[in-house]
Structure formats: structure tokens, C-alpha cells
Amino acid sequence: MAGADRAKEWARHWTYAELPDLDLLRARYVRHTFPRHSHEGYVFGAVTGGVEDVGLPGGMVHAIPGTVVMINPEVPHTARPGQPEGWAYDTLYPSAQVINDIAAEVTPLRGTVGFAENRVTDPYAARLITQVHRAAEEGNALAADTLLRVLVVRLLDRHGSSLPSVTPRAGGARDAERARLALEGRMDAPPTLETLAAELGTSPFALLRAFKKEYGMPPHTWLTDARVRRARRLLDAGVAPADAAVAVGFTDQPHLNRHFTRIVGVPPGAYRRERARTYKTGP
């Protein structure tokens, strides 16, 4: 039965050359679950069938057809089927630059913008997300660009706000940031929690608490997510999955495959093939 369920799953994660700084994911998942992770840019998701449960810092969000899930950059979240039949959805991942440029052009919002609500009932916006996908798949750059902008302006006008400026950080937050920078620089050979805490002049449990408070996940979970992000950039540049795995600190390609598929939603080989196909069909 598990094999049959897996056979029902499919996913395409790709980019359209005419819409830079935007990733697209169209998928149907039955048993797949996304572990806690975050994105550098925004997430706009529209469920087209079934139910998706999205775990966010404020609690669980149930996404059904006609709703739009909006997640700000760097917000940790999970996703899983909300019913035995799973869910299908169309998702857009625009960069922070794309959203903030549109906000600066057509709204009074300034600085870094965000969304206070994670889930809204808006069938029209949900259809716009699907229409962006359809236009991109058909190679209709004018329609895809127009529909994306109409969507973003609608969401900003109805739900957008300027995110608060960063306040001076307390000692624990500074330790968490220093730990993050240390892990980024030693991704291929990270220290133990005890060693890292000693290097920062704090205790392991104090560092663990501070890191989870600052980034929404413990250091080892954050590191896996960061490794997958860096692997994506390497795959975007044409690096083979086996080489990318070693470069970011995974033991081998199967290790990369497992975590990459769980977090991104498609295997690294399929991800790289879509990138290669996108580049070939670009201008």
C-alpha cells in the first residue's frame, strides 16, 4: 500500500527564465512530509485538492482549496498531509527583492514587508497562483509576469505590512547569531554543541535555548536546512549532485538525496534537470 501511495505522488520544482528570482512548485503529495525548514524568500501556496497542514510558530494552519498560505522569509515551518488522500498544490517562491520592489512601486509600504496572516480565504488569489503556473508552463511571459504582479499587489494591499526594524540583540541572540555564522563557515565539518558553546563562552543548553528562540529550530536542524540551501545553489550552477553532497558536508549522495527530497519536495537529480531544461529554453 505504501508503494501505491508513493506512486500517486508527483512534483515539479522549476524556474521560468522570464521571471527571475522566482521558483515554482506544483505537486501532489500523499505520504510526504516536510521537516522544519525555512526559505530565504516568501512562500505563496494554493492548495488545489485535499488538505495540507502547515506547522508555523503560531500553530497549525489547515490549507484547503480556496485558501492561500503566506509565509515570510526565514520563518520556520513544516508541512504534512491533512487527510489520508494527501494534498495537491501550486506554490510560488518569490525572492524578497521581488516582493519589496513591487511594494515600493505600488504601495505605501516601505522597508521589508511581510504578512501578519499565514492563511487567508481568497479563492481569486488562489486562482492567480495557479494561473501564474499555467502561463509560465505555456511560455507566456507577458501573462505570467502580469498575473504575478496582480497577485502580489492584492496580497500586499489586503494583508501586507512593514516588518518592524531589528532591535538591539540581547546576549543570547548574539550568541545564536555567532553560532550560525560559525556553522555556515564550517558546514563540511561542524563542531559539537559543547565545542561550539565553549568557543562562544557559553554553555551548551544556554546556546541551544538561544538558537531555538532566534531561528525556530535547534542548530543541527538548522544546519541540515542550510546544507540543502547551499546544495541548491550548487545544483543551480550545474554541479553534479554527488559533488554537491560532499561540498556541503553530507556523507554521500544518498544522504543528500534523503534530506533534499524531504525539504525541497523533489530529488536533487530531478531538481537539477529542471534547472538545465529551464536554462536551455531561456532567452
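Residues numbered from 1 in each chain as written. Predicted model: local features only at pLDDT ≥ 70, side-chain atom pairs only at ≥ 80, totals over all residues. Heavy atoms only, no water.

### Regarding the overall build of the protein chain
What the protein chain contains, in helices and strands, is eleven helices and twelve strands. The C-alpha radius of gyration computed for the protein chain amounts to 19 Å, which stays within 12% of the reference 19 Å derived for 283 residues, consistent with globular compactness. Considering only C-alpha atoms, the protein chain reaches an extent of 55 × 45 × 40 Å along its principal axes. For the protein chain, the residues scored as buried account for 48% of the 283 residues in total. Nonlocal contacts in the protein chain, meaning residues at least 24 apart in sequence, comprise 72% of its contacts between residues at least 6 apart. Roughly 13,500 Å² of accessible area belongs to the protein chain as shown, and the carbon and sulfur atoms make up 54% of that amount. (Helix = DSSP H or I, 4+ residues; strand = E, 2+ residues; numbered from the N terminus. Rg over C-alpha atoms; globule rule 2.2 N^0.38 Å. Buried < 20%, exposed > 50% of the residue type's maximum accessible area, 1.4 Å probe, protein only. Contact = heavy atoms within 4.5 Å. Areas by Shrake-Rupley, 256 points an atom, 1.4 Å probe, with all protein chains shown as cover.)

### A closer look at the side chain of Thr67
By the element assignment, Thr67 lies in strand β7 (residues 67-71). On the accessibility criterion, Thr67 (2% relative accessible area) is buried. Reaching out from Thr67, the side chain makes a polar contact with the backbone oxygen of Ile64 at a distance of 2.6 Å. (Polar contact = N/O pair within 3.5 Å; in protein donor to acceptor, adjacent residues only side chain to side chain.)

### A closer look at empty space enclosed by the protein
Scanning the model with the defined rule gives one cavity of 30 Å³ or more in all. Put simply, the largest cavity is a space of about 160 Å³. Along its surface, the largest cavity is lined by 16 residues, and Val43, Glu52, His77, Tyr89 and Tyr93 are the ones closest to its centre. Those elements that place two or more of their residues in the lining of the largest cavity are β3 (34-37), β4 (43-50), β5 (52-56), β7, β8 (77-81), β9 (87-94) and α10 (253-264). With three residues, β9 is the largest single contributor of residues to the lining of the largest cavity. Of the residues in the lining of the largest cavity, the class split is ten nonpolar, five polar and one charged. (1 Å grid on protein atoms, 1.4 Å probe; cavity = no way out; pocket = protein on both sides within 12 Å on 5 of 7 lines; lining within 4 Å. Points joined across faces, edges and corners; volume = space filled by probe spheres on them. Nonpolar A, V, L, I, M, F, W, Y, C, P; charged D, E, K, R; others polar.)

### Some words on the packing of aromatic side chains
To describe a pair of aromatic rings, one takes the distance between the centres and the angle between the planes. Applying the stated rule across the entire model yields eleven aromatic pairs. Between Tyr29 and Trp87, the aromatic rings sit 5.4 Å apart at their centres with planes inclined by 55°, giving tilted as the arrangement. One end of the pair, Tyr29, is in strand β2 (residues 22-29); the other, Trp87, is in strand β9, and 58 residues separate them in sequence. Exposure class is identical for Tyr29 and Trp87. Each is buried. Summarising the aromatic geometry, the rings of Phe211 and Trp222 are spaced 6.0 Å apart at their centres and angled 80° between planes, so their arrangement reads as edge-to-face. Taken together, the residues span a long stretch of sequence, with Phe211 in helix α7 (residues 204-215) and Trp222 in helix α8 (residues 219-236) at a distance of eleven residues. The exposure class assigned to Phe211 is buried, which follows from its relative accessible area of 0%. For Trp222, a relative accessible area of 10% gives the class buried. Through a chain of ring-to-ring contacts, the aromatic side chains of Tyr29, Phe34, Trp87 and Tyr89 assemble into a single cluster. Over the ring of Trp14 we find Arg12; its NZ or CZ atom is 3.9 Å from the centre of that ring. (Phe/Tyr/Trp six-rings, centres within 6.5 Å; stacked < 30°, edge-to-face > 60°. Lys NZ or Arg CZ within 6 Å of the ring centre and 35° of its normal.)

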